[in-house]
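Residues per chain are reported as follows:
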Amino acid sequence: MDSNFNLDDYIRKVPDFPKKGILFYDITSILASPEAFLFCIESMMDLYKDKDIDAVAAIEARGFLFAAPYAARMGIPLIPIRKKGKLPGITLSKKYDLEYAQAEIEVHKADVPQGKRILLVDDLIATGGTLEAAKAILEAGGAQVPEIFGVVGLPFLRKENLLVPTPITTLIDYDSE
Ligand code: AMP
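Given the structure is predicted, the values throughout are model-derived calculations rather than measurements.

Engineer: So what's going on with the overall build of the chain? Residues and values would help.
Structural biologist: Each helix and strand counted, the chain has 4 helices and 9 strands in total. For the chain, the α and β elements follow one another from N to C terminus as β-β-α-α-β-α-β-β-β-β-α-β-β. Over its C-alpha atoms, taken along the principal directions, the chain stretches across nearly 40 × 40 × 30 Å. Evaluated residue by residue, the chain yields a buried proportion of 43% over its 177 residues. Expressed as a percentage of contacts within the chain between residues at least 6 apart in sequence, the contacts between residues at least 24 apart total 56%. Summed over all atoms, the accessible surface of the chain reaches about 9200 Å², with 51% contributed by carbon and sulfur. In the chain, 20 positive and 26 negative side-chain charges are present, and the distance between their average locations comes to 6 Å.

Right, here's the structure in full:
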């Protein structure tokens, strides 16, 4: 893995998407570069190699793109966390607040491994609200969430103390929009 790799070169910045005033950090440009994509997956493998991670959980939809190859390479289970109404089995769910609305996410109850250590993954961490809800359902299902990973971080948007004390690791942070 090249520690001098400049991931910023592979993140498309789209002003005023999905609405005016938001700078959208698009990771499809990472996926379009096998070199950049592999850098992300190998970085995850390196970051968590000594952390006794038993399974990886990921947030629909862009979190899946990074968590799935990581899970396959590590030989550990992948637990999809989906928007309400998509999972056919018995689920654990949680409502959470977005800026102007409410959302709800779900996980298959049977997929949450009791007492195991789960790495929770999304593509981008903004307020942290989605990850907080995901962490809560995994813990309600009896698992532990000792680590959270995002490819991109926007720490200036993070709600204070939201994910404390869980360590959050990102590959690149942006300071302001
Ligand atoms: P949050 O719950 O506020 O941390 O929002 C995180 C989710 O919203 C992630 O799944 C991101 O994909 C998406 N998101 C929020 N803000 C942005 C942004 N500025 N650029 C790209 N994705 C974003």
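Engineer: Now, about the environment of D9: what can you tell me, with residues and values included?
Structural biologist: Relative to the helices and strands, D9 is located in the segment before strand 1 (12-15). Once the C-alpha coordinates of D9 and I30 are considered, the two residues, 21 residues apart in sequence, prove to be 9.0 Å apart.

Engineer: Summarise the site of the ligand; cite the residues concerned and give the values.
Structural biologist: The environment of the ligand is formed by 14 residues, the closest being R62, D122, T127, G128 and T130. A distance of 2.5 Å separates an oxygen atom of the ligand from a polar side-chain atom of R62. Between the ligand and T127 there is a distance of 2.5 Å, counted from an oxygen atom to a side-chain nitrogen or oxygen. Protein chains shield 82% of the accessible area of the ligand, which is 480 Å² for the free molecule. Those elements that place two or more of their residues in the shell around the ligand are strand 2 (23-26), strand 7 (117-125) and helix 4 (129-140). Of the residues assigned to the shell around the ligand, the class counts are 6 nonpolar, 4 polar and 4 charged.

Engineer: So what about the pattern of salt bridges? Which residues, and what values?
Structural biologist: Evaluation of the coordinates by the stated rule reveals 10 salt bridges. In this structure, K49 engages D46 in a salt bridge whose closest nitrogen and oxygen atoms are separated by 3.2 Å. Of the charged contacts in the structure, one is a salt bridge between E106 and K84, with a shortest N-O distance of 3.4 Å. You can see E106 sitting in strand 6 (residues 102-108) and its partner K84 sitting in the loop between strand 4 (78-83) and strand 5 (91-97), a full 22 residues away along the chain. Since its relative accessible area comes to 47%, K84 is described here as partly exposed. Through salt bridges with shared partners, a single ionic network connects K84, K95, E104 and E106.

Engineer: Residue-level account of the side chain of D123, with values.
Structural biologist: Relative to the assigned elements, D123 resides in strand 7. Side-chain polar atoms of D123 contact the side chain of R62, separated by 2.8 Å. Ignoring any residue separated from it by four or fewer positions in sequence, one finds D123 in contact with I27, R62, G63, F66, G150, V151 and V152.

What counts and what doesn't
Residues numbered from 1 in each chain as written. Predicted model: local features only at pLDDT ≥ 70, side-chain atom pairs only at ≥ 80, totals over all residues. Heavy atoms only, no water. Helix = DSSP H or I, 4+ residues; strand = E, 2+ residues; numbered from the N terminus. Buried < 20%, exposed > 50% of the residue type's maximum accessible area, 1.4 Å probe, protein only. Contact = heavy atoms within 4.5 Å. Areas by Shrake-Rupley, 256 points an atom, 1.4 Å probe, with all protein chains shown as cover. Lys, Arg positive; Asp, Glu negative; His and termini not counted. Charge placed at Lys NZ, Arg CZ, Asp CG, Glu CD. Near = heavy atom within 4 Å. Polar contact = N/O pair within 3.5 Å; in protein donor to acceptor, adjacent residues only side chain to side chain. Nonpolar A, V, L, I, M, F, W, Y, C, P; charged D, E, K, R; others polar. Salt bridge = Lys/Arg side-chain N within 4 Å of Asp/Glu carboxyl O.

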